[in-house]
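The chain contents come next:
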Amino acid sequence: MISVCLVTYNGACFLKQQLDSILIQLADEDEVLISDDGSTDETLSIIDAYHDPRIQLFQGPRQGVIKNVEFVLQQAQGEFIFLADQDDIWHPDKVKKMIAVFKNNPKVQVVVSDLVIVDEHAQVLHASYFDYRQVKAGFFQNILKNSFIGAAMAFRRELLQTAFPFPKHLPMHDMWLGLIAVNQVYFLAEPLVDYRRHEKNASEIATTSSFKQKLVWRYHLICALIWRLIFKK
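Residues numbered from 1 in each chain as written. Predicted model: local features only at pLDDT ≥ 70, side-chain atom pairs only at ≥ 80, totals over all residues. Heavy atoms only, no water.

Chemist: Could you clarify how one ought to interpret the pattern of salt bridges in this entry?
Modeler: A pair can form between side chains of opposite charge whenever their charged atoms are brought close. Tallied over the full model, the rule gives five salt bridges. Between Lys-16 and Asp-20 there is a salt bridge, and its shortest N-O distance comes to 2.8 Å. Pair noted here: Lys-16 and Asp-20 are both in helix 1 (residues 15–23), with a separation of four residues, about one helical turn. We classify Asp-20 as partly exposed; its relative accessible area is 33%. Note that Glu-190 and Lys-97 form a salt bridge whose closest N and O atoms lie 2.4 Å from each other. (Salt bridge = Lys/Arg side-chain N within 4 Å of Asp/Glu carboxyl O. Helix = DSSP H or I, 4+ residues; strand = E, 2+ residues; numbered from the N terminus. Buried < 20%, exposed > 50% of the residue type's maximum accessible area, 1.4 Å probe, protein only.)

Chemist: Before we go on, may I ask you to explain helix 8 (residues 173–180) in this structure?
Modeler: Of all eight residues that make up helix 8, eight are buried, and the element is covered over most of its length. Every buried residue of helix 8 is accounted for by His-173, Asp-174, Met-175, Trp-176, Leu-177, Gly-178, Leu-179 and Ile-180. Count one or two residues on from helix 8 and you reach Val-182, which has phi positive near 55 degrees.

Chemist: Help me understand helix 3 (residues 65–73), please; the structure alone is not making it clear to me.
Modeler: Where helix 3 is concerned, the buried positions are Asn-68, Val-69, Glu-70, Val-72 and Leu-73. Looking at the buried residues of helix 3, the elements they touch are strand 1 (2–8), strand 2 (31–36), strand 4 (80–84), strand 8 (153–156), helix 7 (160–163) and helix 8. (Contact = heavy atoms within 4.5 Å.)

Chemist: Help me understand a nonpolar patch on the surface in this model?
Modeler: On the surface, a cluster of nonpolar side chains totalling about 260 Å² of accessible area is made up of Ile-222, Ile-226 and Ile-230. Here Ile-222 lies in helix 9 (residues 211–231). (Patch = residues over 30% accessible without salt bridge, like charges linked within 9 Å, V, L, I, M, F, W, Y side chains within 5 Å. Areas by Shrake-Rupley, 256 points an atom, 1.4 Å probe, with all protein chains shown as cover.)

Chemist: Can you walk me through the nonpolar core in this structure?
Modeler: One recurring pattern in soluble globular proteins: nonpolar side chains tend to sit buried together. Leu-73, Phe-82, Phe-155 and Leu-177 are the most contacted members of the largest nonpolar core, which has 73 residues in total. Of the residues forming this core, the biggest block, six residues, is contributed by strand 9 (residues 185–196). Excluding residues that lie within four positions of it along the chain, Phe-82 makes contacts with Ile-2, Ser-3, Val-4, Cys-5, Trp-90, Lys-94, Val-95, Met-98, Ile-99, Met-153 and Ala-154. (Core = buried A, V, L, I, M, F, W, Y, C linked by side-chain atoms within 4.5 Å.)

Chemist: How should I be thinking about the packing of aromatic side chains in this particular structure?
Modeler: Describing an aromatic ring pair means giving the distance of the ring centres and the angle of the ring planes. Under the criterion given, the structure shown has eight aromatic pairs. Between Tyr-129 and Tyr-195 the ring centres are 5.9 Å apart and the planes differ by 90 degrees, which places this aromatic pair in the edge-to-face class. Taken together, the residues span a long stretch of sequence, with Tyr-129 in helix 5 (residues 129–133) and Tyr-195 in strand 9 at a distance of 66 residues. Take Tyr-129 and Tyr-195: they sit in the same class, and that class is buried. For the ring pair Phe-164 and Phe-166, a centre distance of 5.8 Å and an interplane angle of 45 degrees mean the geometry is tilted. Neither residue differs from the other here; Phe-164 and Phe-166 are each classed as buried. Here the aromatic residues Phe-130, Phe-148 and Phe-187 are joined through ring pairs into a cluster of three or more. The residue whose ring lies beneath Lys-94 is Trp-90, and the NZ or CZ to ring-centre distance is 4.6 Å. (Phe/Tyr/Trp six-rings, centres within 6.5 Å; stacked < 30°, edge-to-face > 60°. Lys NZ or Arg CZ within 6 Å of the ring centre and 35° of its normal.)

Okay, structure coming up:
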């Protein structure tokens, strides 16, 4: 069983295109869990119009993106969990190819695919997110420079046993989920998502935070990782 976890907030502009690209790849027993964080546009109407039993809609905690992601992940029942952004487009073979990586690599906990960076009209800006961001594998490499991106991430359900609860002061949830898997991560060098960038994105491709803020985030992150990976087990 596959769980697709998606958080929404005023995502009406692009949500239908994203949901259509996801649902066509899922089996009847799979689920799409959507946690809405107080949308005031047509987001909820778009979701309600599907009448698809695989879609479950929740009211989010309204405490920001990271808490909303944690909340929706707590609802997931699938063996494999996919994260999704509200404004992207999944390529038609995304689920099949990422599940194949898990099946062929039993020790892998997290799979991250490449993405095509597109604009609001789905026109290509950069053919490879991996090339654009110089993505590299490795635990310590990704503490220094994060390569984990939720829009292209899937993981085994068992990862949540270590990942929950999310610690405070996270820079972003995807960085935490990738690092908590240590080196059991597979970077799939094939674009499987059109990653849409527009003026209302909730996240940045490259953070504009200050150097001091980055140091503070990483200090708290390292402390949380040490506690979770060594003392909690």
